[in-house]
Amino acid sequence: MSFPKDFLWGGAVAANQCEGAYLEDGKGLSIQDVMPKGVMGSVTEEPVLENLKLVGIDFYHRYEEDIRLLAQMGFKVFRMSIAWSRIFPNGDEEEPNEKGLAFYDKVFDVCRACGIEPMVTLSHYETPLHLAKAYDGWRDRRLVGFFERYCRVVFDRYKDKVKYWMTFNEINALWHFPLMGAGIWTPKEQLSEQDKYQAAHHEFVASALATKLLHEMIPEAKMGCMVLGALSYPMTPKPEDMLAMVQADRKVMFFCDVQARGYYPSYTKKEWEKKGISIQMEPGDEELLRHTVDYISFSYYMSKCTAADCSQYSKGAGNLTSGVKNPYLKESEWGWQIDPDGLRYTLNYFYDRYQKPLFIAENGLGAMDTLVENEEGSFTVMDDYRIEYLKNHLLAVEEALEEGVDVMGYAAWGCIDVVSASTAQLKKRYGFIYVDRNEDGSGTLERYKKKSFDWYRRVIETNGEALHG
Ligand code: BGP
């Protein structure tokens, strides 16, 4: 048996992609409420109805039914996020919004009653809009204080209910999509590298502070970092392509290096020196950074290739970042290249580098599903393509476990269909549970179990043995 007895099998969602109820019970607006087309489109002045996230899958009202369905699959862990703007509607208030806090109390209570461990992302692409507009998001040092206050409130409130936390979802997204990644309102074309490194520094300080605080307030709790784990292969064995790969991977690993090792890597310091970048630090920042995370988590959907000269190759599509297309891999309907071995490689790479427990925070296949009638007169989706994707990736996790990598658990992304982050579509589905809501916003919001639902239930029940069946 390769999967450890206490392996955290489960799935993941994010508040802004599932909750809906975007103004209910005192919630303030978040950046997502004005991003109707995800990262691909522009922002709107006001929330507009075409923004599918405003209703999401109505998790805010249906969380109980949804969590019970996840429990039927035997989930051990449910990764979700708290919408910061439910707790602090503008982000900079002194006092939290009680109704927002009460909502997550109920969610965690249902999880606990179902024997599911909640794992909470503190900031999953949903910075309060006011912090983005009035402060330019994480470019402003004052966000560290607001975030600290938010953390203090939720750690205190949920200390008996939540053991696993993580700070910023895909923290490296800041580099490619500063608004979604770091709530930066200034258009990305106007930002310099210096600006982005400075915002990253503020996030690192905030993350370290949150970790320190968590350890003081809930000593048995664990804090993780979370990066978009898209590592590269060299396009050819040419030495210059290999060196290009090292550079590309550092763009990812830099974020993890600081949070997991507790200091800026020498390659970054050299880069700053060469480019004349100088980061403003306050006294005590460097000591604070030494409060490193307990575990490392990452999302993994694909690998990519890179080369010293990428222009001669065709470009691949990707999860916020993309590289050169790998001629040996198939791709999803959205052009994301499917590579289970890449997950094994990523796990080994991260573990070799940090020797800390790893958690796969997201993995899955976004696909178009067709609802069909089943024998009981209800509906289902025959999603064998999803089963194949997940099975191959879980077999890769098993290989990594056999190689000695310490993997804590696995969360299938969008375990119940949610609105997509990059394109804000509903037709891009990842779930074991189908939600009847269409691209034009129509639909009953009814939930239906897909074929993969039973498959995943068997996998969890047999602690992975069914993968070989
Ligand atoms: C990650 C995000 C998730 C998510 C997932 C799938 O980047 O952390 O929020 O949605 O990717 O991407 P998409 O929804 O664009 O298919």
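A brief report on the enclosed structure follows. Note that the structure is a prediction, hence the values are computed from the model and not measured.

## As for the site of the ligand
Around the ligand sit 15 residues, and of these Glu-170, Ala-421, Ser-422, Lys-428 and Tyr-430 come closest. Glu-170 places a side-chain nitrogen or oxygen 2.6 Å from an oxygen atom of the ligand. In this structure, an oxygen atom belonging to the ligand sits 2.7 Å away from a side-chain N or O atom of Lys-428. Surface burial for the ligand is 100%, taken as the share of its 370 Å² of free accessible area covered by protein chains. Across the shell around the ligand, the residue classes tally to six nonpolar, six polar and three charged.

## Some remarks on the sheet that holds strand β2 (residues 77-81)
Spatially, β1-β2-β3-β4-β5-β7-β9-β12 is the arrangement adopted by the eight strands of the closed barrel, whose pairing is parallel. On average, each strand axis in the sheet is inclined to that of its neighbour by 25 degrees, with strand direction left out of account. Pairing of strand β4 (residues 164-168) with strand β5 (residues 222-228), which is carried by three bridges, proceeds in the parallel orientation. Its bridge partner being in β5, Tyr-164 is matched across the sheet by Lys-222. Relative to β5, helix α10 (residues 239-261) is tilted by about 170 degrees, and along the sheet it contacts β4, β5 and β7 (295-299).

## Some words on the environment of Leu-395
By the secondary structure assignment, Leu-395 is in helix α14 (residues 384-402). Distance in space between the C-alpha atoms of Leu-395 and Cys-415 is 19 Å, their sequence separation being 20 residues. Setting aside residues no more than four positions away along its own chain, Leu-395 makes contact with Leu-467 and His-468.

## Quick word on unusual backbone geometry
The phi torsion at Asp-25 lies on the positive side, around 55 degrees, for a residue other than glycine. Phi is positive for Asp-58, close to 60 degrees, though the residue is something other than glycine. Along the chain, Asp-58 falls in the loop between α1 (15-18) and α2 (59-72). You can call Asp-58 buried: its relative accessible area is 13%.

## What about the pattern of salt bridges?
Applying the stated criterion across every chain, the model contains 36 salt bridges. Among the ionic pairs, Arg-139 bridges to Asp-195, the shortest N-O distance being 3.3 Å. One end of the pair, Arg-139, is in the loop between α5 (129-135) and α6 (142-157); the other, Asp-195, is in helix α9 (residues 193-217), with 56 residues separating them in the sequence. When its relative accessible area of 17% is taken as the criterion, Asp-195 is described as buried.

## Some thoughts on the environment of Glu-273
Mapped onto the fold, Glu-273 is located in helix α11 (residues 266-275). Sequence separation of Glu-273 and Val-381 is 108 residues, and the distance between their C-alpha atoms is 55 Å.

Rules used throughout
- Residues numbered from 1 in each chain as written.
- Predicted model: local features only at pLDDT ≥ 70, side-chain atom pairs only at ≥ 80, totals over all residues.
- Heavy atoms only, no water.
- Near = heavy atom within 4 Å.
- Polar contact = N/O pair within 3.5 Å; in protein donor to acceptor, adjacent residues only side chain to side chain.
- Areas by Shrake-Rupley, 256 points an atom, 1.4 Å probe, with all protein chains shown as cover.
- Nonpolar A, V, L, I, M, F, W, Y, C, P; charged D, E, K, R; others polar.
- Pairing = 2+ DSSP bridges.
- Helix = DSSP H or I, 4+ residues; strand = E, 2+ residues; numbered from the N terminus.
- Axes fitted to C-alpha atoms, helices over the stretch in contact; angles between N-to-C directions.
- Contact = heavy atoms within 4.5 Å.
- Buried < 20%, exposed > 50% of the residue type's maximum accessible area, 1.4 Å probe, protein only.
- Salt bridge = Lys/Arg side-chain N within 4 Å of Asp/Glu carboxyl O.

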